[in-house]
Each structure stands twice: as structure tokens, then as C-alpha cells.
Amino acid sequence: MSQKTIVFTGGGTAGHVVVNLAIMPEFIREGFDVHYIGSYEGIERDLVDGMEGVTYHGIATGKLRRYMSVENMKDPFRVLKGLGQARRLLKQLKPRVVFSKGGFVSTPVVMASRLTGVPSIIHESDYTPGLANKIASKFARHILTTFPETNQHLPEKKVVNVGAIVREELFAGDSEQALAMTGLSRDKPTVLVMGGSAGAASINQAVRQALPDLLKQYHVIHLCGKEKRDDTINQPGYVQYEYVTDELKDLLALADVVVSRAGANAIFEFLALKKPMLLIPLSKQASRGDQLLNAESFNKRGYADVLEDEEVDATSLTDAVNRLYENRETYQEYMASYQPQKTKDDVIDMIKQTML
Ligand SMILES: CC(=O)N[C@H]1[C@@H](OP(=O)(O)OP(=O)(O)OC[C@H]2O[C@@H](n3ccc(=O)[nH]c3=O)[C@H](O)[C@@H]2O)O[C@H](CO)[C@@H](O)[C@@H]1O
């Protein structure tokens, strides 16, 4: 066993990578040999491959689709192939622990960790666990959760609520940098729109239709998702980006309020930064309904207003943004009471204590 080797895994969406991005730098700083097992070409590869101090390993992955596809038939073989690859990698790397953030690429890695005798910790950020983590929970040593309510769905002896683990750099945003980047000014409040890491067609459409009204009162920064820019729109006060990385902290520093999908990591980031938020969760038809529960929990605690995806149009969106902006201080008061159960340092200690 190597003295200081740690393996991270997770992917498929940015939400299954960001917690790793928050934790990995600490281990790199401490001189650990940090490895990441992800898919050959998922978003985790874009976000992690090439990061200084991290070695990326791609493996085959299968996905559980909610629609019929010939790809479904190939998936069991891909998962088995991925399991074999993960097992070989763990045997070769001999890590002291595996930390998994979830998503379909991560399940075979956690299974392989059990097969090779390496302890693993998994992290679930949604209100209810996804299928990948439900399976992985049987093989993991510990399970960390973001929402306290999630614990009831997972094996009691293994599960610990830690709360939000947010990337440190998000707290170091500079609104001046955002003004320079966007070309906007401070003469109106700023609304940041984020449709999840992949963008959201219904939100994109409603925001663009609402622009004549919204731009009378606000500036709008729109994170619209890869290949979802609409370059035919050229209105002062409106800026679009497909996906931002380092710049997000600055855009958030400038934003007065946020309109967003209800992906768990994004909403806990807004909570940590005390950004009043209007959440438009992905519907039950398009998902397993986790975002509806995430959003409902935030709404009950006074952190967020919620608009159902089916109700979103230019008028409902403009009205909801106006209400959110008017009541921003009330939301901020509720958000001020949020304290995660554990700090990032506590979580790092837990990982170290789990090491072989
Ligand atoms: C369609 C889908 O399956 N969505 C799921 C996915 O969402 P998704 O990948 O959108 O997950 P999250 O909202 O949890 O995380 C998105 C992350 O991407 C970051 N970000 C986003 C846009 C951008 O331009 N730059 C950027 O850095 C956000 O700051 C956040 O950290 O994982 C979440 C966490 O399991 C789930 O709750 C969502 O239901």
C-alpha cells in the first residue's frame, strides 16, 4: 500500500464532481498522490483531467436511462468492463481510501474498492439518494449526506449528515471582476440565471421571452448550458455564457438574486453565499423527482421561492423575480441561520480516519 494515495470518483454531471473539487486540493496540498477515476469523456474529465496534482483514469461506464434505447442493452457489459478496470486500477494504485461523489461511473469503483479491501466513503447531496449511491451504499464504509432528511433513506450505522461542502474559492468572488467581464454596471440589480450544469431549455426560453420586462429593472447574467447560446439576442444588460468555471465566484459576488434549477450542490452554494433564490426544479416526468424534494425542503426553511417547471413562462418568471428581489432581505435572514453539521476540515478528518 502506498503511504499517501487517495482515489476520488464521481461524474456524469457537474453535481457529481464539485464536492470532489472542494476536497481534492487539501489532499494535494498535504502531498497525497491524488487519482481520479471517471468516465472516458464525461464532464468529470473536462473538470478534472489536467488539474495539477491529479492523475485522471478513464473507465467504461453504463447509465440507467429513463427511456428505451438500444444503448440500454450494452450497459450491463459496460458496467462489468468498468468494474474490471476499476479493480485493476485499485490493485495497481493501492489507495488508502476511495472517496465517491456518486453518478453511474462511481458505483463500480466503490464495488471494486470492497473487492480489493480498500475502505470507501460515499457522498449523497440530494434529498433522496440516487440509484448509483443506493447500490454503492451497500459496499461503502461511510455515507455522508448534505440534507439531514436523507439519512432516513440510508443504512443508519453508516450514515452521517455533514451538510454543504462548498468549494472554498466561491467565497472569494470579486464583483468588480464580474463587471469587467460582463461589461455590466451597478445601475441596476443583477439576476444570475443558472439552469443546472447542462442548462435548462424551459428556463432558457422563459428568461429570453421575459427579457423586455426583466431588463427594465435588472441586468441578467444567463448561464444557459453548452450549445444553448442564442446569439440572435443582443440586448444591453443581458449577457450569456454556456458554462463558467473560475469566473462563477465573481458572477455570484455580483448577483443580487439567483434563478436556478434545484440541483443539490448549486442550491447549497447559493445558501452558503446567502443569495436569495428562485428555484425551478426539474419535473418528475424528466427525472426521479429529486430536485422537487430539494426545492421543497429549501422552501420550507425559508431559503427559496419555488416555481414549478410546468408553470414557467415570461409572466410567471418576471413576477417571481420581482417578489424575490422585494423580499431578498427576508430570505437572507432565514439563510443566515444555516450552519452545516460539519466543516470541510471535519470531513477531511473523517476521510483520514477511514484510511487503511
Ligand atoms: C439533470 C440532472 O441530472 N441534474 C442533477 C445533477 O445536477 P447538476 O449537475 O446540475 O448539479 P448541481 O446543481 O448539484 O451542481 C452543478 C454544479 O455546477 C456548477 N456550475 C454550474 C454552471 C456553470 O456555468 N458553472 C458551474 O460551475 C454549480 O456551481 C454547481 O456546483 O446533479 C445534482 C446533484 O446530484 C442533482 O440534484 C440534479 O438533479
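Keep in mind it's a predicted model, so treat the numbers as computed, not measured.

**Student:** I'd love a proper account of the domain arrangement of the chain, names of residues and values included.
**Tutor:** Domain annotation for the chain reports domain 1 (5-165 + 341-354) and domain 2 (169-336). Computed over C-alpha atoms, the centres of domain 1 and domain 2 are 28 Å apart.

**Student:** How would you explain unusual backbone geometry if you had to name every residue and give the values?
**Tutor:** Phi angles above zero are rare outside glycine, and Lys94 is one such case at about 50°. Looking at Lys94, the number of C-beta atoms within 10 Å reads 16, which means it is partly exposed. At Lys274, a residue that is not glycine, the phi angle is positive and equals roughly 60°. Topologically, Lys274 is positioned in the loop between helix H9 (264-272) and strand S12 (277-279).

**Student:** Mind laying out the nonpolar core, listing which residues take part and the relevant values?
**Tutor:** Membership of the largest hydrophobic core comes to 97 residues, with the highest contact counts inside it found for Val191, Val193 and Ile267. The element contributing the most residues to this core is helix H1 (residues 18-29), with seven residues. Residue assignment places this core across two domains, with domain 1 (5-165 + 341-354) and domain 2 (169-336) each supplying three or more. When sequence neighbours within four positions are dropped, the list of residues in contact with Val191 reads Leu214, Tyr218, Val220, Ala255, Val257, Val259 and Val321.

**Student:** Mind laying out the UniProt feature "domain: Glycosyl transferase family 28 C-terminal" (unreviewed entry) in the chain, listing which residues take part and the relevant values?
**Tutor:** Feature annotation in UniProt places "domain: Glycosyl transferase family 28 C-terminal" (unreviewed entry) on residues 190-345, given in this structure's numbering. The span residues 190-345 carries 44% helix and 15% strand; its end-to-end C-alpha distance comes to 33 Å.

**Student:** Which residues make up the site of the ligand, and what are the values?
**Tutor:** Near the ligand, the surroundings consist of 25 residues, among which Thr13, Gly15, Gly196, Gly263 and Asn265 are the closest. Considering every element that reaches the shell around the ligand, the biggest residue donor is H9, with four residues. Built from parts of two domains, the shell around the ligand gets at least three residues from each of domain 1 (5-165 + 341-354) and domain 2 (169-336).

**Student:** Outline the environment of Ala253, supporting the account with residue identities and numerical values.
**Tutor:** Tracing the backbone through its elements, the reader meets Ala253 in helix H8 (residues 248-254). Taking the C-beta count within 10 Å as the criterion, Ala253 has 20 such neighbours and is therefore assigned buried. Along the chain, Ala253 and Gly173 lie 80 residues apart, while their C-alpha atoms are 5.2 Å from each other. In contact with Ala253, not counting residues within four places along its chain, are Gly173, Asp174, Ser175 and Ala178.

**Student:** Tell me about the sheet that holds strand S1 (residues 5-9), and please be specific about residues and values.
**Tutor:** What holds strands together in a sheet is hydrogen bonding between their backbones, with the strands either parallel or antiparallel. An order of S3-S2-S1-S4-S5-S6-S7 is seen for the seven strands of this open sheet, with the pairing classed as parallel. The open sheet has two edge strands, strand S3 (54-59) and strand S7 (159-161), and neither has a second partner. Taking the axes of each pair of neighbouring strands and ignoring which way they run, one obtains an average angle of 20° across the sheet. Where strand S5 (residues 120-124) meets strand S6 (residues 142-145), four bridges bridge the pair, whose relative direction is parallel. Opposite His123, over in S6, you have Leu144 as the bridge partner. Docked against the sheet, helix H4 (residues 106-116) engages S1, strand S2 (33-39), strand S4 (97-100) and S5, running at close to 155° with respect to S4.

Definitions and limits used
- Residues numbered from 1 in each chain as written.
- Predicted model: local features only at pLDDT ≥ 70, side-chain atom pairs only at ≥ 80, totals over all residues.
- Domains from an automatic or database assignment.
- Buried ≥ 20, exposed ≤ 12 C-beta atoms within 10 Å, placed from the backbone.
- Helix = DSSP H or I, 4+ residues; strand = E, 2+ residues; numbered from the N terminus.
- Core = buried A, V, L, I, M, F, W, Y, C linked by C-beta atoms within 7 Å.
- Contact = placed C-beta atoms within 7 Å.
- UniProt positions renumbered as here; feature names shortened; annotations may be inferred.
- Near = placed C-beta within 6 Å.
- Pairing = 2+ DSSP bridges.
- Axes fitted to C-alpha atoms, helices over the stretch in contact; angles between N-to-C directions.

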